[in-house]
Structures are given as C-alpha cells and as structure tokens.
2 protein chains.
Amino acid sequence: MKILIIGAAGMIGRKLLHRLAAEGEIGGQKIAGFTLADVIAPQAPPGLPARALTADLTIPGAAQTLIADRPDLIFHLAGIVSGEAEKNFEKGYQVNLDGTRALFEAIRREHEGSGYRPKLIFTSSVAVFGAPLPDVIGEDFLTAPLTSYGTQKAIAELLLADYSRRGFFDGIGIRLPTICIRPGAPNAAASGFFSNILREPLVGREAILPVPDTLRHWFASPRTAISFLVHAASLDTTALGPRRNLNMPGLSATVADAIDALKTVAGEDAVNLIRREPDEGITRMISAWARDFDASRAISLGFVGETSFEDIIRIHIEDELTGSAKPS
Amino acid sequence: MKILIIGAAGMIGRKLLHRLAAEGEIGGQKIAGFTLADVIAPQAPPGLPARALTADLTIPGAAQTLIADRPDLIFHLAGIVSGEAEKNFEKGYQVNLDGTRALFEAIRREHEGSGYRPKLIFTSSVAVFGAPLPDVIGEDFLTAPLTSYGTQKAIAELLLADYSRRGFFDGIGIRLPTICIRPGAPNAAASGFFSNILREPLVGREAILPVPDTLRHWFASPRTAISFLVHAASLDTTALGPRRNLNMPGLSATVADAIDALKTVAGEDAVNLIRREPDEGITRMISAWARDFDASRAISLGFVGETSFEDIIRIHIEDELTGSAKPS
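Quick summary incoming for the structure in this document. Just so it is clear, the model here is predicted, and its values are computed rather than measured.

1. Concerning the overall build of chain A
Inference 1: Tallying secondary structure elements over chain A gives 12 helices and 14 strands in all.
Inference 2: Seen through its principal axes, chain A has C-alpha atoms that stretch 60 × 45 × 40 Å.
Inference 3: The proportion of buried residues among the 328 residues of chain A is 48%.
Inference 4: Long-range pairs, those at least 24 residues apart, make up 77% of the contacts in chain A between residues at least 6 apart in sequence.

2. Describing the sheet that holds strand E12 (residues 245-247) of chain A
Within a sheet, adjacent strands bond to each other through the backbone by hydrogen bonds, running parallel or antiparallel.
All names here are of chain A.
Inference 1: With parallel pairing, 7 strands are arranged side by side in an open sheet as E5-E4-E1-E6-E7-E8-E12. Both outer strands of the open sheet, strand E5 (50-54) and E12, are each paired with one neighbouring strand and no more. Shown here is a sheet whose adjacent strand axes are inclined to one another by a mean of 15 degrees, direction ignored.
Inference 2: Here strand E6 (residues 73-76) runs beside strand E7 (residues 119-125); their pairing, made up of 4 bridges, is parallel. Paired with Phe75 across the strands is Ile121, a residue of E7.
Inference 3: Along the sheet, helix H7 (residues 222-233) contacts E6, E7 and strand E8 (170-176); its crossing angle with E8, the most-contacted strand, is approximately 160 degrees.

3. A short note on unusual backbone geometry
All names here are of chain A.
Inference 1: Backbone torsion omega between Cys180 and Ile181 reads 5 degrees, so that peptide bond is classified as cis.
Inference 2: Position of Ile181 relative to the elements: it lies in the loop between strand E9 (178-179) and helix H6 (192-202).
Inference 3: For Arg70, which is not a glycine, the phi torsion comes out positive at approximately 50 degrees.
Inference 4: Within the element layout of this structure, Arg70 appears in the loop between helix H2 (62-66) and E6.
Inference 5: What makes Arg70 partly exposed here is the crowd of 13 C-beta atoms within 10 Å.

4. Some points on the relation of the copies chain B and chain A
Inference 1: In the superposition of chain B on chain A (RMSD 0.0 Å, axial shift 0.0 Å), the rotation amounts to 180 degrees. Each copy turns onto its partner about a two-fold axis. Within chain B, the C-alpha atom positioned nearest to the axis of rotation is that of B:Leu142, 1.8 Å from it.
Inference 2: With an isologous cut-off of 70% or more, the 100% of interface residues of chain B that recur at the interface of chain A puts this contact in the isologous class.

5. Observations regarding the nonpolar core
Inference 1: One finds A:Ile5 and B:Ile5 to be the most contacted residues of the largest nonpolar core, which totals 194 residues.
Inference 2: The contact partners of B:Ile5, leaving out residues within four places of it in the chain, are B:Gly13, B:Leu16, B:Leu17, B:Phe34, B:Leu36, B:Phe75 and B:Leu77.

6. Considering helix H7 (residues 222-233) of chain B
Inference 1: Helix length check: H7(B) (12 residues) gives 17 Å between terminal C-alpha atoms against 16 Å at 1.5 Å per residue, within 8%.
Inference 2: In terms of burial, H7(B) is largely enclosed, as 9 of its 12 residues are buried.

7. Some points on the pairing of strand E13 (residues 251-254) of chain A
All names here are of chain A.
Inference 1: Side-chain alternation along E13 places Leu251 and Ala253 on a buried face and Ser252 and Thr254 on a face that remains uncovered.
Inference 2: Bridging between strand E11 (residues 216-220) and E13 involves 4 bridges; their strand directions are antiparallel. Residue pairing in the sheet places His217 in a bridge with Ala253 of E13.

8. A few points about the interface of chain B and chain A
Inference 1: Contact residues are listed per partner, giving 19 residues for chain B and 19 residues for chain A.
Inference 2: For the side of chain B that touches chain A, the per-class residue count stands at 10 nonpolar, 4 polar and 5 charged.

9. Side note on the pairing of strand E1 (residues 2-6) of chain A
All names here are of chain A.
Inference 1: Among the 5 residues of E1, 4 are classified as buried, and the element is accordingly described as predominantly covered.
Inference 2: The pairing of E1 with E6 spans 4 bridges and is classified as parallel. Bridge assignment links Ile3 to a residue of E6, and that residue is Leu73.

10. Quick notes on the sheet that holds strand E7 (residues 119-125) of chain B
All names here are of chain B.
Inference 1: The parallel open sheet is built from 7 strands, whose spatial order is E5-E4-E1-E6-E7-E8-E12. With one partner strand each, in any of the chains shown, strand E5 (50-54) and strand E12 (245-247) form the two edges of the open sheet. Averaged over all neighbouring strand pairs, the angle between strand axes comes to 15 degrees, with direction disregarded.
Inference 2: Looking at chain direction, strand E4 (residues 33-38) and E5 are connected through 5 bridges and run parallel. Paired with Phe34 across the bridge in E5 is Ala50.
Inference 3: Seen against the sheet, helix H5 (residues 148-165) touches E7, strand E8 (170-176) and E12 and runs at an angle of roughly 155 degrees to E7.

About the criteria used
Residues numbered from 1 in each chain as written. Chains lettered and ligands numbered in written order. Predicted model: local features only at pLDDT ≥ 70, side-chain atom pairs only at ≥ 80, totals over all residues. Helix = DSSP H or I, 4+ residues; strand = E, 2+ residues; numbered from the N terminus. Buried ≥ 20, exposed ≤ 12 C-beta atoms within 10 Å, placed from the backbone. Contact = placed C-beta atoms within 7 Å. Pairing = 2+ DSSP bridges. Axes fitted to C-alpha atoms, helices over the stretch in contact; angles between N-to-C directions. Least-squares fit on C-alpha atoms with pLDDT ≥ 70 in both. Core = buried A, V, L, I, M, F, W, Y, C linked by C-beta atoms within 7 Å. Expected span 1.5 Å × (residues − 1). Nonpolar A, V, L, I, M, F, W, Y, C, P; charged D, E, K, R; others polar.

Shown next, in the form of structure tokens:
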C-alpha cells in the first residue's frame with residue numbers, strides 16, 4: 001500500500017502521518033511507503049520509505065508528479081483556511097478549487113491511460129452549510145455556503161462525487177467538525193477562539209472569548225479527526241452509494257459546556273484565565289454556523305465521534321501536553 | 001438598458017430575443033440594444049441595434065469581448081446538454097463549467113477595475129438533484145446530481161451565489177423544469193420523448209414512448225420558461241437573500257396526464273400515433289429524476305408556472321403551429 005498525503009506539513013497531515021507510520025499498516029494492509037507533499041517541506045517519518053516533496057498543486061504538472069508512482073491511497077488535506085480564502089478571493093479559488101481539480105484531473109488522465117483508480121480521502125468542512133440553518137442539520141440539507149471557502153469545499157465535493165461516479169477514483173469527502181483543541185499557534189480560521197480558550201488556560205496563559213457562553217457549535221478533537229481519515233481509507237464505499245460526502249459525527253456543545261469541562265479537568269484557576277471581550281462581528285458570523293448535525297449515515301458506517309468536552313480536553317492533554325495540564 | 005444574451009442561437013435564446021425585441025423594454029426600462037453571442041452565428045432582430053457575435057466562452061479573451069460594452073443585463077443560457085455532457089466528459093466541463101467561470105471572472109475583473117455590476121440570469125436545471133429523491137423536493141433539499149451535466153450546473157450555481165455575495169454581479173440561477181413541448185428537431189437530451197409524443201402527433205407523425213404512462217415528471221412550456229427569465233431580470237434580488245438559485249414553478253404530471261391532454265386538444269387520432277416501445281435504460285434513468293417540487297420561494301417572488309398539460313399543448317399550438325393543430 002503506497003500512500004500519498006497532500007498537505008502533509010499541516011496539523012492534520014502531521015498527525016495522520018505520525019499515526020500511520022507508528023502503525024505501519026492501514027485497514028489490514030502493510031504500508032510500503034509514503035509520498036508527502038506540501039507547499040512547505042514536509043518531514044518524513046522514521047522507519048518507512050518516504051519521498052518528501054515541496055509541491056504546489058496550482059503549478060502545472062505538480063499533480064502528475066505527485067501521483068507518478070501511482071499511490072493506492074491519497075489523502076488530500078491541502079487547502080487554505082476560511083479567513084484567508086475570504087480575504088484573498090483569487091488565491092482561495094486557485095488553491096482550494098483549481099488545485100483540487102488539478103489533482104483530480106491528473107488521476108483521471110492516469111486512469112484513462114492505465115485503469116489506475118486510487119482511493120481518495122478529501123477533507124471537506126461544515127462550512128459548506130450556510131444560514132438559515134435548522135437546529136439539527138439533516139443528511140439531505142442543501143449546501144448553501146456563505147463564504148468563498150465553503151463554496152470551494154462544496155464545489156470540490158461535487159467534483160469528487162462525479163469523478164467517483166465515473167470510476168476515475170474511489171473518493172470520500174469527510175466534512176470535519178471544527179477541530180478543537182487545535183494545538184500550536186492560532187491560524188487564520190475565524191473559529192480559533194474555541195481552541196484558544198482551552199489550550200491557553202491549560203498552560204497558564206490568558207485567552208480571549210469574543211462570543212457569548214450560550215453559543216453552540218460542532219466539534220471533534222484532532223485525534224478523532226485522524227481516526228475519521230483512517231476509517232474512511234479502509235471503508236468499503238459500495239455502502240456509500242453516489243453520495244460520497246459525509247457529515248462526520250461531532251460533539252454539539254456550547255461555549256459554556258467547554259468552560260465547564262475545563263473547570264472539571266483543570267480547575268477554577270484555568271477558567272479564570274478566560275477574558276470575555278465580546279466582538280459583535282465574530283459573534284454574528286459564528287452564530288450563523290452549524291450547531292448540530294444528524295450524522296447517522298457516518299455513524300452507521302462506523303465513524304465514531306466524541307461524546308463530551310472533557311474527553312476533548314483530556315485528548316489534548318494526552319497528545320500535546322504529555323499527560324498533564326500545566327496551569328500557572 | 002444594454003442586454004447581452006449568451007446562447008442566443010439556441011431555442012430559449014431565440015424565443016427570449018424575440019419577446020424582448022417585440023416589447024422593446026424590460027422591467028419598465030427601454031432596451032438600448034443587444035449583444036448576441038453563440039457558438040453558431042445568432043440572428044439579430046429587426047428594429048433594435050444588435051451586435052451578433054460567434055463566440056466560444058472557452059476561448060481565452062472571449063468573455064471579455066462579450067462584456068466590452070458593459071451590458072446592464074446578461075442572460076447566460078449557453079451550455080451543452082445532459083446527454084452530450086455525459087458522453088464527452090472533458091467538453092462538458094470545458095463548456096458548462098470553465099466557460100461559465102470565464103464569464104464570471106471577466107465580470108469580476110471589470111468590477112474590480114470600474115465597479116461594474118450587471119444583473120446576471122443563469123439557466124440552471126433540476127438535474128442538480130439526484131436520487132434518492134422525495135416525492136416533493138423541498139426548498140432545502142441537497143444538490144447531489146447523478147450526471148456530469150447536473151454537477152456542472154450545481155457548481156455554476158455555487159459560483160453564482162458566491163460572486164453575487166461578493167458583489168461582483170447581481171445573479172439569479174433559474175432551475176428550469178423540463179421544457180415541453182420543445183419545438184423543432186430532437187436534441188441530445190434524454191428527456192426528448194416528453195416533447196416528441198406531443199409535438200409529432202400534433203402534426204400527424206408517429207412518436208415513440210419509451211417509458212410507462214405512470215412516470216411522473218416536472219414541466220414548463222417554452223413560453224413560460226421565457227417569462228421566468230424576463231421576470232428574474234426585473235426582480236429586486238434583496239428579497240432573495242444569499243440563496244440565489246431558485247426552483248421554478250412547474251407542472252408535476254405523468255405521461256398519462258400528457259396523453260389525456262393530447263386527446264382533449266387533438267383527439268384520439270393524435271393519441272394513436274404514440275407508439276409504446278419500452279426502454280428499460282431510459283425508464284431507469286428518468287425514474288430517478290425529480291417528480292415534483294415545492295417552489296414556494298419562486299412563487300412568492302412572483303414566478304408563475306403552468307397548471308395543466310392542456311395549457312402546455314395549447315401554447316405549443318399558438319406559438320409553433322400558428323394557431324391550429326395539424327393532425328394527418
């Protein structure tokens with residue numbers, strides 16, 4: 001099993017690679033080696049053969065190079081985030097739409113020539129949905145995004161379904177919940193505060209909460225997001241039918257739920273490090289986001305999400321803080 | 001008011017032009033002139049100034065040429081039909097996706113330079129929906145197409161909504177029901193028989209019915225389709241909100257309803273010209289198509305559809321057969 005990871009230097013890419021390299025197999029099949037690609041140089045894992053490539057899918061020929069050794073399994077995780085795609089219209093479409101299409105087209109051309117048909121896992125987003133939203137978003141709800149990022153993800157999903165229907169590859173689109181707790185420095189995602197108000201207090205630092213405690217949203221831990229990708233890779237897609245894009249099971253929780261869990265896990269001192277600085281603009285934007293989903297299709301296919309915010313915090317402590325919270 | 005019609009040589013384009021030229025105004029505004037474009041030379045109407053251009057949106061620079069005189073209103077009707085898009089994957093994406101995006105991009109670049117912001121009416125299709133479908137498709141139902149044509153239309157809808165949200169143009173996507181009775185020679189659309197079994201017997205010719213009489217589908221006459229386009233052009237889009245793509249009101253009817261109406265309008269002799277040649281492939285495909293819609297959004301915005309198949313047949317007789325059916 002040869003595996004290509006595009007976006008291998010990103011948070012999800014690195015964690016996925018770490019898990020796959022540690023396990024040495026996926027879905028019962030031994031991993032023969034990796035091709036790792038990103039716009040900044042990805043780091044190869046120890047132990048398994050790996051080609052690490054600095055690659056930009058928007059450059060003609062780049063996608064062909066990435067699939068040159070005909071990987072059996074492709075994880076397409078690359079993309080620019082919502083805030084950046086909204087700020088830079090052209091770059092967002094180039095990377096998130098044209099880059100994805102270039103990859104799909106390179107696979108199609110190889111398929112036409114040789115019958116090549118890899119499994120392809122694509123990370124989409126709940127940003128494909130836009131207000132007005134029901135309290136619980138059903139499996140048949142329309143994708144009417146309110147950002148250019150969400151539009152680009154929704155278009156990529158449509159392409160993935162059509163290319164899969166045509167038999168060019170065997171694709172699954174995974175609509176990830178908001179990842180929480182996102183480790184490391186904040187990125188340009190507007191949802192960053194959801195992670196900040198937990199990650200920072202856990203190490204004794206202040207964090208700003210710009211929205212009311214009552215605001216509800218949809219979450220998964222990084223570890224669980226990786227488990228979605230690994231599960232998708234070994235899934236028999238005949239059970240999926242033509243609808244290849246799946247809402248992942250998440251945790252529907254309010255900001256208050258997150259803060260309560262922080263108190264349980266790390267105490268009152270940690271909670272006191274959260275500084276409330278209401279921001280109407282951010283509140284208005286996030287209030288329009290999805291609050292809850294019916295993810296019964298994914299659940300029936302064996303995807304398993306979180307059930308409490310305490311678990312989400314404990315996973316962060318185990319995976320990022322080597323086992324213990326470090327409040328000041 | 002300067003008007004650009006792309007796809008002006010097609011059936012819908014010619015009928016739209018005919019009506020606009022005859023009325024000389026749209027939404028209370030005098031028409032100053034037309035730019036007419038198509039891949040085959042469109043015919044200019046008498047009376048009003050018109051530039052007729054042979055143009056292919058997939059050729060670099062073509063879209064810029066079409067909007068060079070900054071039309072106030074653009075009808076984008078061009079595209080290749082479902083059967084052809086399914087047969088020729090690359091051509092379908094080139095024309096229906098890349099051609100549409102080239103037009104949108106040309107408008108955006110002009111907008112960035114000068115603040116240009118035309119009204120844009122785009123003809124989409126109920127092919128954006130794919131089985132499994134409910135008996136009545138609601139306003140919030142997902143677009144999960146089962147053809148490359150439907151995929152291309154769904155992607156164009158997403159782009160239209162995002163470009164409108166950004167303020168580059170003021171767009172409306174019109175999901176046309178299956179047009180019936182389509183005049184002239186059959187095209188590559190798989191739905192052709194719906195028109196054939198009425199149009200041909202009305203002039204004394206046999207027609208083949210490949211599906212059962214019980215099959216239900218969603219229809220509008222060509223005249224009503226034109227009225228949708230004209231109404232959309234004069235609509236205040238603030239009432240639309242961010243969801244810019246609308247199911248048009250159609251007539252939900254079975255093949256038996258159509259045949260009953262033919263009998264009422266043209267008699268038993270006409271009905272006897274329908275030859276039943278069941279085709280499992282066509283039946284399977286059409287059975288997966290939309291049967292009925294909740295089009296309450298469009299109806300509340302003033303769009304008016306047909307209410308009987310007899311009206312659909314009478315409109316064909318009035319508009320195409322100069323007032324009388326001609327059975328043999």
